[in-house]
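Listed here are the chains, written in short residue letters.
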Amino acid sequence: GGIITQTPKFLIGQEGQKLTLKCQQNFNHDTMYWYRQDSGKGLRLIYYSITENDLQKGDLSEGYDASREKKSSFSLTVTSAQKNEMAVFLCASSIQFYAEQFFGPGTRLTVL
Amino acid sequence: GDKVKQSPSALSLQEGTNSALRCNFSIAATTVQWFLQNPRGSLINLFYLVPGTKENGRLKSAFDSKESYSTLHIRDAQLEDSGTYFCAAEEGNAGAKLTFGGGTRLTVRP
């Protein structure tokens, strides 16, 4: 077994601020993902990384950057926080491309 | 339109009864995952399916890729089954990206 840890659990930022969310997994999974969930909605893919040195844009990448620092960690940066960025950001990992995904507990972002 | 459409959007069940949730796909889904999001927001993996069926306790899921749908059957619903159920489909020619449905909010009442 393993776990996915996301930090921080809650993030409060100012409009226009650059904000970074972190994700760590100890499954030794190759592939990692960042999703955004708006209240009452399904998840939408922001960025994913198939292997350690890879980075791929998802459907919602504009306004975000991502970095796969090492196999176990994947960071997401909100480049300029907007009022409508209030959402939960969920990190996931899978053993490889095309495999079952497992999710972290999420980071809840509020922009003042 | 929605690539993954879940129905119903909300459901209220009496404890001990049975029900079925459904996902219809307008994409060429190759695999399907079902999750339960609990009130704290955590996503719990329920099933990972290639075409076929799987069963786990009171839950059973089926995925028919030719007819482009998946179902999740809940038998003998319990209070702890309450939460939001999401299906997500992997599209064959779109890499490892999951496309999520909008969810079914389930309330099990005593």
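Structure shown above.
Analysis parameters
Residues numbered from 1 in each chain as written. Chains lettered and ligands numbered in written order. Predicted model: local features only at pLDDT ≥ 70, side-chain atom pairs only at ≥ 80, totals over all residues. Heavy atoms only, no water. Salt bridge = Lys/Arg side-chain N within 4 Å of Asp/Glu carboxyl O. Buried < 20%, exposed > 50% of the residue type's maximum accessible area, 1.4 Å probe, protein only. Helix = DSSP H or I, 4+ residues; strand = E, 2+ residues; numbered from the N terminus. Phe/Tyr/Trp six-rings, centres within 6.5 Å; stacked < 30°, edge-to-face > 60°. Lys NZ or Arg CZ within 6 Å of the ring centre and 35° of its normal. Contact = heavy atoms within 4.5 Å. Buried area = accessible area lost by both parts, 1.4 Å probe. Polar contact = N/O pair within 3.5 Å; in protein donor to acceptor, adjacent residues only side chain to side chain. Nonpolar A, V, L, I, M, F, W, Y, C, P; charged D, E, K, R; others polar.

An account of the pattern of salt bridges is needed here, citing residue identities and associated values.
Scanning the entire structure with this criterion turns up four salt bridges over all chains. Between Asp38 of chain A and Arg36 of chain A there is a salt bridge, with the nearest N and O atoms lying 2.9 Å from each other. With a relative accessible area of 10%, Arg36 of chain A lands in the buried category. We note a salt bridge from Arg58 of chain B to Asp81 of chain B, for which the minimum N-O separation is 2.8 Å. With Arg58 of chain B in the loop between strand E6 (52-56) and strand E7 (59-64) and Asp81 of chain B in the loop between strand E8 (69-74) and strand E9 (83-91), this residue pair connects regions lying 23 residues apart in the sequence.

Give me the lowdown on the packing of aromatic side chains, citing residues and values where you can.
Counted by the stated rule, this structure contains 11 aromatic pairs over all chains. Relative to Phe35 of chain B, the ring of Phe103 of chain A has its centre 5.2 Å away and its plane inclined at 85 degrees; by these criteria the two rings are edge-to-face. You can see Phe103 of chain A sitting in strand E10 (residues 102-103) and its partner Phe35 of chain B sitting in strand E4 (residues 29-37), one on each of two chains. Here the aromatic rings of Phe35 of chain B and Phe100 of chain B are separated by 5.8 Å at their centres, their planes lie at 25 degrees, and the arrangement is stacked. Of this pair, Phe35 of chain B sits in strand E4 while Phe100 of chain B sits in strand E10 (residues 98-100), and the two are 65 residues apart along the sequence. A residue is classified by how much of its surface remains accessible, and Phe100 of chain B, at 9% relative accessible area, is buried. An aromatic cluster of at least three residues, connected via ring pairs, comprises Tyr33, Tyr35, Tyr48 and Phe103 of chain A together with Phe35, Phe86 and Phe100 of chain B. Across the ring face of Tyr69 of chain B, the terminal group of Arg22 of chain B is positioned such that the distance to the ring centre comes to 4.1 Å.

Please provide a residue-by-residue account of the interface of chain B and chain A, values included.
Contact residues are listed per partner, giving 18 residues for chain B and 19 residues for chain A. Taken together, the two surfaces of chain B and chain A that pack against each other cover about 1600 Å², and 54% of this comes from carbon and sulfur. At the junction of chain B with chain A, the criterion picks out zero salt bridges. Taken together, the links from chain B to chain A amount to four residue pairs in polar contact (both at pLDDT 80 or more). The set of elements that each furnish at least two residues to the side of chain B that touches chain A consists of E4, strand E5 (43-49), E9 and E10 of chain B. Residues of the side of chain B that touches chain A, tallied by class, amount to seven nonpolar, eight polar and three charged.

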